[in-house]
Amino acid sequence: MKIKFDSTFFLKSVSDISQLDIFNGIEVAFVGATNSGKSTTINCIANKRKISRTSKIPGRTQLINFFEVTNNFRLVDLPGYGFSKVSKLIKRKIEILIFNYLNSRKCLIGLVLIMDIRNPLKSSDLKMILFAIKKNIKILILLNKSDKVSISFQKKQCLIIKNYIFSISKFIKIYIFSSLKKNGIDNLKKELEKWNK
Ligand SMILES: Nc1nc2c(ncn2[C@@H]2O[C@H](COP(=O)(O)OP(=O)(O)OP(=O)(O)O)[C@@H](O)[C@H]2O)c(=O)[nH]1
Ligand SMILES: [Mg+2]
């Protein structure tokens, strides 16, 4: 079904899963290391510059942010994992928040895993892939910030990552992407439309 992604708007933030509502539609969550470009990608999908707050400083997103695409389809911007300029206590709280959301959310049908093409396949990325397989939810991978490297590096890196992922699952799609330049956005939107069927 064709989706009007331009109509996407910010719905709400939650800091604790007790604040989650019961939702009868479906949610797709954006996961990945801090600074990989999750929030920028949601802005790119919505075709708005600041619907989700982005930052050069890792650890910008500390809450779970919900965006409504249609009244039964939402995008969810999760905080990133890994290095970030926040205290250990806040970091732990954020990890628990992500874990609780992923494990309890019945309407979560898919993950968009965002990796920096220059620094992919962190141990937490692999955990996300294995989590999706175990839970039988969809997952697709974006190799983001491709604008920062040459086309030959993009192709080489993509092949290495595809070979590796193929050894884990034969059903995971991987796209070269740039949320800054909007390269690959049509592939992403098409996949989300398929997921929303
Ligand atoms: N060159 C380039 N920069 C990008 C791209 N995507 C994101 N960035 C930049 O990377 C930085 C981090 O982007 P965010 O979207 O805030 O990253 P995030 O994954 O949401 O980070 P956290 O909220 O900290 O987990 C920002 O300075 C973005 O402008 C891209 O495709 N190319
Ligand atoms: Mg963010």
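Here the structure is a predicted model, which means the values were calculated and not measured. (Residues numbered from 1 in each chain as written. Chains lettered and ligands numbered in written order. Predicted model: local features only at pLDDT ≥ 70, side-chain atom pairs only at ≥ 80, totals over all residues. Heavy atoms only, no water.)

The next thing to look at is the pattern of salt bridges. Counting across every chain of the model gives nine salt bridges. Here Asp 21 ties to Lys 12 by a salt bridge, and the two come within 3.4 Å at their closest N and O atoms. Within the structure, one salt-bridge network assembled from shared partners comprises Lys 12, Asp 21, Glu 27, Arg 74 and Arg 105. (Salt bridge = Lys/Arg side-chain N within 4 Å of Asp/Glu carboxyl O.)

Taken together, the side chains of Leu 130, Ile 133, Tyr 164 and Ile 168 present a nonpolar region at the surface, about 340 Å² in accessible area. If you trace the backbone, Tyr 164 turns up in helix 4 (residues 151–166). Judged by relative accessible area, which is 37%, Tyr 164 ranks as partly exposed. (Patch = residues over 30% accessible without salt bridge, like charges linked within 9 Å, V, L, I, M, F, W, Y side chains within 5 Å. Areas by Shrake-Rupley, 256 points an atom, 1.4 Å probe, with all protein chains shown as cover. Helix = DSSP H or I, 4+ residues; strand = E, 2+ residues; numbered from the N terminus. Buried < 20%, exposed > 50% of the residue type's maximum accessible area, 1.4 Å probe, protein only.)

So, about the site of ligand 1. Taken together, 23 residues lie near ligand 1, and Lys 38, Thr 40, Gly 59, Thr 61 and Asp 147 sit nearest. One of the backbone N or O atoms of Asn 35 is found 3.0 Å from an oxygen atom in ligand 1. Separating an oxygen atom of ligand 1 from a backbone N or O atom of Gly 37 is a distance of 2.9 Å. A total of 650 Å² of accessible area belongs to ligand 1 in isolation, and the protein chains cover 91% of it. (Near = heavy atom within 4 Å. Polar contact = N/O pair within 3.5 Å; in protein donor to acceptor, adjacent residues only side chain to side chain.)

Now for the packing of helix 2 (residues 88–104) against helix 3 (residues 123–135). Helix 3 packs onto helix 2 with a crossing angle of 25 degrees between their chain directions and a minimal axis gap of 11 Å. Accordingly, the angle class assigned to the pair helix 2 and helix 3 is roughly parallel. Along this stretch, helix 2 crosses helix 3, giving a crossing that reads as right-handed. Mapping the contact onto sequence places Ile 98, Leu 102 and Asn 103 in helix 2 and Met 128, Phe 131 and Lys 135 in helix 3. Class assignment for the residues of the contact of helix 2 with helix 3 results in four nonpolar, one polar and one charged. (Axes fitted to C-alpha atoms, helices over the stretch in contact; angles between N-to-C directions. Parallel < 35°, antiparallel > 145°, perpendicular 65-115°, else oblique. Left-handed = near helix turned anticlockwise from the far one by under 90°. Contact = heavy atoms within 4.5 Å. Nonpolar A, V, L, I, M, F, W, Y, C, P; charged D, E, K, R; others polar.)

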